[in-house]
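# Geometric and topological summary
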Amino acid sequence: GTLPKAFRTPNHFSLATMGCGALLSFLAALAQGKNSVQRIGDVFGRGAKPPDSERAPVSAMQFAATQNRTEDLAARHRGRAAALARSSDEDRYGFAPKPPD
């Protein structure tokens, strides 16, 4: 059977075309996603570090270098915090607060 004349207008035809295209696109993406599930594999093991028992032990020199770097960063941070505590609002924020009238 044929459609009623009201549904044979160009607007209805383009709406039906776009609607069917969107539906088919969605169904194709859904099927592709279902098919690709098998290729995912072990996502969490891909970039994971080996457990502690399998890692090479850290040498005393590496440990000392890391410790010195950490202490140096902490001292610089404390120095910056102390300098900011001593500074004025203009140094800290780039402007001075408005003086009282």
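Criteria and thresholds
- Residues numbered from 1 in each chain as written.
- Predicted model: local features only at pLDDT ≥ 70, side-chain atom pairs only at ≥ 80, totals over all residues.
- Heavy atoms only, no water.
- Helix = DSSP H or I, 4+ residues; strand = E, 2+ residues; numbered from the N terminus.
- Buried < 20%, exposed > 50% of the residue type's maximum accessible area, 1.4 Å probe, protein only.
- Areas by Shrake-Rupley, 256 points an atom, 1.4 Å probe, with all protein chains shown as cover.
- pLDDT = per-residue confidence, 0-100.

### Some thoughts on the overall build of the protein
A count of helices and strands for the protein gives three helices and zero strands. Along its sequence from the N terminus, the protein presents helices and strands in the succession α-α-α. Counting over 101 residues, the protein shows a buried share of 0%. In the form shown here, the protein has an accessible surface area of approximately 9,600 Å², with 63% of it arising from carbon and sulfur atoms.

### Side note on the confidence of the model for the protein
For the protein, the mean per-residue pLDDT works out to 82, and 89% of the residues sit at or above 70. Per-residue pLDDT, averaged within each element of the protein, yields its smallest value for helix α3 (residues 89–93) (69) and its largest for helix α1 (residues 10–36) (91).

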